Amino acid sequence: KEFQMTVADQRETQQLLQKALVVLQDYYGKQAAASFAQGAHAQQPAGPPPPAGFDAYKKNSGSGGVTSLLQQIISDAKAMEADA
């Protein structure tokens, strides 16, 4: 019975996260298309430059964002289902 519950939980997790991933990819895809259509002037600094001794803000090049995090959780759920 515990095996069946684990498998059912992992399958439900995969389905829910897959739906969330589709919604986020749709949103971010539209957002990227809109910013591309606005051209190079769309990205303005949000405030004054950083004080002396601080670097300018830049995105973490190693991060993949929320969509890659969801994809990792989905693959972990698949692996857990396979191990159960």
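One structure accompanies this document, and this report is about it. All of these numbers come straight from a predicted model, not from anything done at the bench. (Residues numbered from 1 in each chain as written. Predicted model: local features only at pLDDT ≥ 70, side-chain atom pairs only at ≥ 80, totals over all residues. Heavy atoms only, no water.)

**Side note on the overall build of the protein chain**
Tallying secondary structure elements over the protein chain gives two helices and zero strands in all. The buried share of the protein chain, reckoned over its 84 residues, is 12%. Excluding contacts between residues fewer than 6 apart, the proportion of contacts in the protein chain whose partners are at least 24 apart in sequence is 94%. (Helix = DSSP H or I, 4+ residues; strand = E, 2+ residues; numbered from the N terminus. Buried < 20%, exposed > 50% of the residue type's maximum accessible area, 1.4 Å probe, protein only. Contact = heavy atoms within 4.5 Å.)

**Some points on the side chain of Gln10**
Here Gln10 is to be found in helix H1 (residues 2-38). Other than its neighbours up to four places away in sequence, Gln10 contacts Ala77, Met80 and Glu81.

**Here we look at the environment of Leu70**
Mapped onto the secondary structure, Leu70 falls in helix H2 (residues 65-83). Owing to a relative accessible area of 11%, Leu70 belongs among the buried residues under this scheme. Between the C-alpha atoms of Leu70 and Leu24, which are 46 residues apart in sequence, the distance is 9.9 Å.

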